[in-house]
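What follows is each chain in one-letter form.
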Amino acid sequence: MDTYTAEELLEAKRAIASTLGKCEKALTKLEPGKSQHTLTLRRIKSFQISLALIDRALGDAGEGSPGAGI
């Protein structure tokens, strides 16, 4: 598995958080039950999981050796 620096993880976290916010805003304009609504819900969940994994990797990097990560 690849190893990422803390800087790379923080940049990815920033980008994902931005996209997550845009998806959450767009969700309010989509009709429940439609495919775009379902797709956006799944994207939101995926981004939330991604952010949690990045946070975990950043925590592990702080505890382990320098440069440790995902």
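The structure we're discussing is the one just above.
Residues numbered from 1 in each chain as written. Predicted model: local features only at pLDDT ≥ 70, side-chain atom pairs only at ≥ 80, totals over all residues. Heavy atoms only, no water.

Asker: What should I look at first to understand helix 1 (residues 6-27) in this one?
Answerer: The periodicity of an α-helix, 3.6 residues per turn, causes residues three or four positions apart to be oriented the same way. The end-to-end C-alpha distance of helix 1, which contains 22 residues, comes to 31 Å, matching closely the 32 Å that a straight helix rising 1.5 Å per residue would cover. Considered for burial, the residues of helix 1 that qualify are L9, I16, L20, C23 and L27. Buried residues of helix 1, viewed axially, fall in a sector of 65°; they line one side. Opposite the buried face of helix 1, at more than 90 degrees from it, the exposed residues are E7, R14, K22 and K25. (Helix = DSSP H or I, 4+ residues; strand = E, 2+ residues; numbered from the N terminus. Expected span 1.5 Å × (residues − 1). Buried < 20%, exposed > 50% of the residue type's maximum accessible area, 1.4 Å probe, protein only. Arc of directions from axis to C-beta.)

Asker: Can you help me understand the side chain of H37 in this one?
Answerer: Tracing the sequence through the fold places H37 in helix 2 (residues 35-63). Other than its neighbours up to four places away in sequence, H37 contacts L27, L30, E31 and P32. (Contact = heavy atoms within 4.5 Å.)

Asker: In this structure, what is going on with the nonpolar core? I would like to understand it.
Answerer: If you look at soluble globular proteins, the nonpolar side chains tend to sit buried side by side. L9, I16, L20, C23, L27, I44, L51, I54 and A57 form the largest nonpolar core, which has nine residues in total. Going through the elements one at a time, helix 1 and helix 2 are the ones with two or more residues in this core. Leaving out residues up to four positions away in the same chain, L51 has contacts with K13, I16, A17 and L20. (Core = buried A, V, L, I, M, F, W, Y, C linked by side-chain atoms within 4.5 Å.)

Asker: Looking at this model, I keep getting lost on the environment of T19. Mind explaining?
Answerer: When you line up the elements, T19 lands in helix 1. In sequence terms T19 and R43 are 24 residues apart; their C-alpha atoms lie 9.6 Å from each other.

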